[in-house]
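A structural walkthrough
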Amino acid sequence: MTKKKAGKSAPDVKADLPLNSIIDGDCIEVMNSLPEGSVDLIFADPPYNLQLKGDLHRPDNSKVDAVDNDWDQFESFKVYDDFTHAWLKAARRILKPDGAIWVIGSYHNVFRMGTELQNQGFWILNDVVWRKSNPMPNFRGKRLTNAHETLIWASKAEKSKPTFNYEALKALNEGIQMRSDWVLPICTGHERLKNDQGDKAHPTQKPESLLHRVLLGTTNPGDVVLDPFFGTGTTGAVAKMLGRDYIGIEREAEYRAVAEKRLAKIRKFDSEALEVTQSKRAEPRVPFGQVVERGMLRPGEELWSMNGRHKAKVRADGTLIGADAKGSIHQVGAACEKAPSCNGWTYWHFRRDGKTVPIDLLRQQIRSEMRTN
């Protein structure tokens, strides 16, 4: 998977999209009305079909504000599966060839969605467990505490190349590779939106931290993010802050009103704040020969392996000659270690003033000059 350039949406396609707005209507009908291949990412938080039977009470007999809304009621699994088939088909049509989708669900529905994703040709990249640091307990004491939800990240097709900002997620995780189990709290306190009566505006409002991680890792500024089950607008709020364009679809007037009010208060981060750590693969390519022709290393100068056991001599054309091999910095390094491959930039070092310095420092100097010019 590769990281794609920001602003990859074609201007003429974006001009036909209702960007940064909430559309009133059925998500399937609305998605079918949008241009084909026009959206970079879809985040979908569909009805879970919880199949609740009766009210749920706490030990003190107070009623739990559970999800009992009409939009979460389906007559049967078949009806739910037909609904899932229809909205995923509409979603896949509007994704760009290298687009991707995130769906989130509980044990009630996520396995059914996973099957349908594969049936329609999506390619599953990861499943992510969102482990809630503050889950609601199981009041009846008849099951394990339901402390997580599952997200599925899938590309439009097996050969798609979706955006993946690996280094940015690694930086977000204090320099450690981001895992597929995320410990984040559910919406509480100031983040939980309330209606005019002081009740929860939406029963399944997702935390901004969850969407921040999703959008930071799998989109770039200027991308179009669509949420077909917009609710109170968490996807739109985070997209706006991160400089992405959003499209929300929501048929419930009460939720739209809350989302509109919320989004009006959101400010986009400035361009400098939107920059994220880039993969070295995304930086400008610098041939080793450029280091030589600029005189940063001279022909005849010796390089030493990082372990100090091997040395090679720099040649005028930017190749090396070692004890038993000659070729590029990568080829000679691999030959020295009898390995199938080698990153010569990190393997070879030169000596200055009694100190051993990696040649990669010279590459970074050239890249820095390229960025400022």
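In the block above lies the structure referred to throughout.
No experiment lies behind these values; they were computed from the predicted model shown.

The subject of this paragraph is the sheet that holds strand E4 (residues 123-132). The strand order E1-E8-E7-E2-E3-E5-E4-E6 describes an open sheet built from 8 strands, whose pairing is mixed. Both edges of this open sheet fall to strand E1 (21-23) and strand E6 (181-184), since each of them pairs with a single strand only. Strand after strand, the sheet turns through a mean of 20° between neighbouring axes, direction not considered. Of the pairings in the sheet, the one linking strand E2 (residues 39-44) to strand E7 (residues 224-227) comprises 2 bridges and is parallel in character. Paired with Ile42 across the strands is Leu226, a residue of E7. Most of the contacts of helix H3 (residues 77-94) go to strand E3 (residues 95-105), to which it runs at about 145°, and overall it touches E2, E3 and E7. Together, E2, E3, E4, strand E5 (148-155), E6 and E7 form the strand contacts of helix H6 (residues 208-218), whose direction differs from that of E6 by roughly 140°.

Quick look at the side chain of Asn220 now. Turning to its location among the elements, Asn220 is positioned in the loop between H6 and E7. With relative accessibility at 3%, the residue Asn220 sits in the buried group.

Once that is clear, we can look at the nonpolar core. The biggest cluster of nonpolar side chains holds 32 residues, and the ones touching the most others in it are Trp102, Leu151, Trp182, Leu210, Val214 and Leu215. Those elements that place two or more of their residues in this core are E2, E3, E4, E5, E6, H6, helix H7 (234-241) and helix H8 (253-264). Those residues in contact with Leu210 that lie beyond four places of it in its chain are Ile104, Trp130, Leu151, Trp182 and Leu184. Counting residues in each nonpolar core, the second largest holds 31 residues, with Trp87, Ile94, Leu95 and Leu117 among its members.

Here we have 6 strands laid out as an open sheet, ordered E12-E11-E10-E9-E13-E14, and antiparallel in their pairing. Among the strands making up the open sheet, the edge pair consists of strand E12 (326-327) and strand E14 (355-358). Looking at chain direction, strand E9 (residues 302-305) and strand E10 (residues 311-314) are connected through 3 bridges and run antiparallel. Within the sheet, the bridge partner assigned to Glu302 lies in E10 and is Lys313.

For helix H11 (residues 329-337), the full list of buried residues reads Ile329, Val332, Gly333, Ala334 and Cys336. Among the structural elements, helix H10 (288-293), E10, strand E11 (320-321), E12, helix H12 (344-347) and strand E13 (348-352) are those in contact with the buried residues of H11. Taken from the residues just after H11, Lys338 is the one with a positive phi, measuring 50°.

Relative to E14, E13 runs antiparallel, the two being bridged by 4 bridges. Directly across from Arg352, in E14, lies its bridge partner Lys355.

Summed over all chains, the structure comprises 12 aromatic pairs. With centroids separated by 6.2 Å and ring planes inclined at 65°, the aromatic side chains of Phe83 and Phe229 adopt a geometry described as edge-to-face. Residue Phe83 is located in helix H3, and its partner Phe229 is located in the loop between E7 and H7; the two are separated by 146 residues in the primary sequence. The two residues Phe83 and Phe229 agree in class, both being buried. On the basis of an interplanar angle of 70° and a centroid distance of 5.9 Å, the ring pair of Phe288 and Trp345 is categorised as edge-to-face.

How each quantity is defined
Residues numbered from 1 in each chain as written. Predicted model: local features only at pLDDT ≥ 70, side-chain atom pairs only at ≥ 80, totals over all residues. Heavy atoms only, no water. Pairing = 2+ DSSP bridges. Helix = DSSP H or I, 4+ residues; strand = E, 2+ residues; numbered from the N terminus. Axes fitted to C-alpha atoms, helices over the stretch in contact; angles between N-to-C directions. Contact = heavy atoms within 4.5 Å. Buried < 20%, exposed > 50% of the residue type's maximum accessible area, 1.4 Å probe, protein only. Core = buried A, V, L, I, M, F, W, Y, C linked by side-chain atoms within 4.5 Å. Phe/Tyr/Trp six-rings, centres within 6.5 Å; stacked < 30°, edge-to-face > 60°.

Interpretation in functional terms is not warranted from these geometric data alone.
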